[in-house]
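Structural overview for review
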Amino acid sequence: MHIPDGMLEARTWIPAWLGSAGVLAYGIRRVRQTLSDGTIVMMAVMAALIFALQMLNFPVAGGTSGHFAGGAAAAIVLGLWPAMLVMAAVLTVQALFFADGGITALGANMLTLAVVAPLVGWTVHRIIVRPTSSRGARLGASFAAAWLSCVSAAIVAALMLWLSGRAPLVPVVGVMSMWHALIGIGEGAITAGLVGYLLAVRPDLLDDAGRPIDMRVARKALVGLGALALVAAGLSFVASSSPDGLEYAYEHVGGALADVTLLSSPMPDYLMPGIGNETLAGILAGIVGVIVTGVLAYTLLTALRARRAADTAE
Amino acid sequence: MHATSFESLTYILSPIHGLDARAKIAATLLLICGIVLTPPLRAVEALLLASLMLGVAAIARLPIGRLLRRSAAVLPFAATIALLAPLQHSGGSWNAAGLASSWAGGGWMITWGILSKAWFSAFAMIVLAASTRSADLLAALRRLKVPDVFVMLLSFIARYVGVLASQLRSLRIALASRAPHLSGRALLRSSGSLAGNLFVRSYERGERIYQAMLSRGYTGTLPASAAGRIGPAEVLFVMTALLTAAAVALY
């Protein structure tokens, strides 16, 4: 189930829209440059396949069920940029033709399922899998990639809900990641099964999965992500420190209605005492997140480079 | 939930179905932006929106009961988040006094805001999806300058998801009839193989599709259909949506 309209505040869904539109526009350019007409047609059929596979559901806990999302599987099999476009197209069809997930929330849904999920899945898989990896290692990598992509997409969704003032930070991140840690098991098992089947039947269809990670591409992707995170942190700061134009106008024009507090309270969270601290906490969280991501990425890249150097030296 | 499409409804003949799809997309987007950007809807605004949307659905001769039920499907999911608001505003107090207190009232307003906006927006999207044929919707997106690689992905999904979904269904029936009591890990493992199997089948189908396209003269871009134009009816439709959105957002 995707985020419907009306749940996210403008300070969340507008940056999410811009961010995912930017990533996808770049992806479209890359795909057009690098893929042949035939590959693009295949990619389009695979998009229909991912949508169909999302009907695979499995029991999770307490009588509820989760369903396959496919972001990591698409990234492992089709490659990073095609997977992002495929997932974005699936979400767009679901919003436009099936009214599943909102249209203003489409950017947010794309950010989680079409950007973060394939990116995390692809990166994890690429880092673990070598050309010489055994079948077991590949299946393990697929499982880990799908599980992590599921959990990290859930965390990003939780952060957007928090940024919209829908829920307090720690509980919403906790609940969402715990829940998707369970769903991720199903996602991971199906992804590993899919990859295992392909390895046995048509190993030629797996994207260049064994190729070592291209450091320049990875670095570019990480720099892009970092910039995006910074912009998002900045925007959320601007958005939360001053009411946006519409709300400003509303407060002034609608001043006469102010006594009907229940009906007109446009921004109840701004009326709460201690908002300054909350804003500060939000920015701090954003900055800390960016720094932590940066440090992690740097460590990872250095380790990888060392490993690649060792590989070529052998 | 994915499986219910509105395809059968898009063949109804009505003034709304006859409008240019670009106008319908623009009007729906404007209206939803208006709904989403406003503080919790007041009774007058909700009434205005409800009468406008039901009016459009009636002119489009759509089964309103079915649309209402279908759009209400967003409510349970929206409610899980929407119901957090009163709790946040009652200071985490679960008891009735806390949740009924005046300061929790602001929280209940947020709940109403989320649920009503989600329902109204979903209804607007459903009217769009039910009154526009998918081919028209795709052509309109293309004329609205959505990149054609993306439109191609959308059109292939629209064309083949039903085919692949029914193939998936028959695979699952085959699995269930050979191994009816699978559970837990075994079921997950076979689901993975099933997904892989459908992947290979779809890939091979894709190869056949591409060859068929090539033999029909495909050169890298899908042929554009330039049917439909923006006339007075379209302008009126978009203006109505714009004014309603403005009224709802700014009032």
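Provided above is the structure to which this section pertains.
About the cut-offs
Residues numbered from 1 in each chain as written. Chains lettered and ligands numbered in written order. Predicted model: local features only at pLDDT ≥ 70, side-chain atom pairs only at ≥ 80, totals over all residues. Heavy atoms only, no water. Helix = DSSP H or I, 4+ residues; strand = E, 2+ residues; numbered from the N terminus. Buried < 20%, exposed > 50% of the residue type's maximum accessible area, 1.4 Å probe, protein only. Areas by Shrake-Rupley, 256 points an atom, 1.4 Å probe, with all protein chains shown as cover. Salt bridge = Lys/Arg side-chain N within 4 Å of Asp/Glu carboxyl O. Contact = heavy atoms within 4.5 Å. Buried area = accessible area lost by both parts, 1.4 Å probe. Polar contact = N/O pair within 3.5 Å; in protein donor to acceptor, adjacent residues only side chain to side chain. Nonpolar A, V, L, I, M, F, W, Y, C, P; charged D, E, K, R; others polar. Expected span 1.5 Å × (residues − 1). Axes fitted to C-alpha atoms, helices over the stretch in contact; angles between N-to-C directions. Parallel < 35°, antiparallel > 145°, perpendicular 65-115°, else oblique. Left-handed = near helix turned anticlockwise from the far one by under 90°.

**Let's talk about the overall build of chain B**
Check the secondary structure of chain B and you find 12 helices and zero strands. Its helices and strands in sequence order give chain B the pattern α-α-α-α-α-α-α-α-α-α-α-α, from N to C terminus. Relative to its 251 residues, chain B shows a buried fraction of 49%. For chain B, the exposed area adds up to about 12100 Å²; of that, 67% sits on carbon and sulfur atoms.

**Thoughts on the pattern of salt bridges**
Residue and element names in this part refer to chain A. For the coordinates displayed, the defined rule picks out six salt bridges over all chains. In this structure, D204 engages R202 in a salt bridge whose closest nitrogen and oxygen atoms are separated by 3.2 Å. The exposure class assigned to D204 is exposed, which follows from its relative accessible area of 53%. You can call R202 buried: its relative accessible area is 18%.

**Looking at the interface of chain B and chain A**
Quite often, the size of an interface is put as the accessible area lost when its parts meet. Contacts between chain B and chain A engage 78 residues on the former and 73 residues on the latter. For the pair chain B and chain A, the summed buried area comes to about 7000 Å², and 81% of that belongs to carbon and sulfur atoms. Between E204 of chain B and R202 of chain A there is a salt bridge, with the nearest N and O atoms lying 3.1 Å from each other. Where chain B packs against chain A, one counts seven residue pairs in polar contact (both at pLDDT 80 or more). Of all elements in the fold, only helix 2 (21-37), helix 5 (74-82), helix 6 (84-89), helix 8 (102-131), helix 9 (134-143), helix 10 (148-178) and helix 11 (184-215) of chain B reach the threshold of two or more residues within the side of chain B that touches chain A. Here the side of chain B that touches chain A gets 19 residues from one element, more than from any other, and that element is helix 11 of chain B. Its residues assigned to classes, the side of chain B that touches chain A shows 53 nonpolar, 18 polar and seven charged.

**Here we look at unusual backbone geometry**
Here the phi dihedral of A99 of chain A falls at roughly 55°; this positive angle occurs in a residue that is not glycine. Checked against the element boundaries, A99 of chain A lands in the loop between helix 4 (80-98) and helix 5 (106-128). Accessibility expressed as a relative area gives 5% for A99 of chain A, which makes it buried. A positive phi angle is found at R61 of chain B, which is not glycine, with a value near 55°. Structurally, R61 of chain B is set in the loop between helix 3 (43-59) and helix 4 (64-71). Classification of R61 of chain B by relative accessible area gives exposed; the value is 53%.

**Observations concerning the environment of M46 of chain A**
Secondary-structure assignment places M46 of chain A in helix 2 (residues 37-53). Residue M46 of chain A is classed as buried on the basis of its relative accessible area of 2%. Counting along the chain gives 37 residues from M46 of chain A to A83 of chain A, while the straight-line C-alpha distance between them is 9.3 Å. When sequence neighbours within four positions are dropped, the list of residues in contact with M46 of chain A reads L78 and V86 of chain A together with F199, S202 and Y203 of chain B.

**Here's the deal with helix 6 (residues 135-163) of chain A**
Its 29 residues give helix 6 of chain A an end-to-end C-alpha distance of 42 Å, which sits within 8% of 42 Å, the value for a rise of 1.5 Å per residue. Once helix 6 of chain A finishes, G165 of chain A follows within two positions and takes phi at roughly 75°, a positive value.

**A closer look at the packing of helix 6 of chain A against helix 7 (residues 169-201) of chain A**
Residues and elements named next belong to chain A. Taken N-terminus to C-terminus, the directions of helix 6 and helix 7 make an angle of 150°; their axes are 6 Å apart at the nearest point. Classified by the angle between their axes, helix 6 and helix 7 sit roughly antiparallel to one another. As helix 6 runs across helix 7, the sense of the crossing is right-handed. Looking at the contact of helix 6 with helix 7, its residues break down into 25 nonpolar, seven polar and three charged.

Such coordinate-based values are descriptive only and should not be taken to indicate function.
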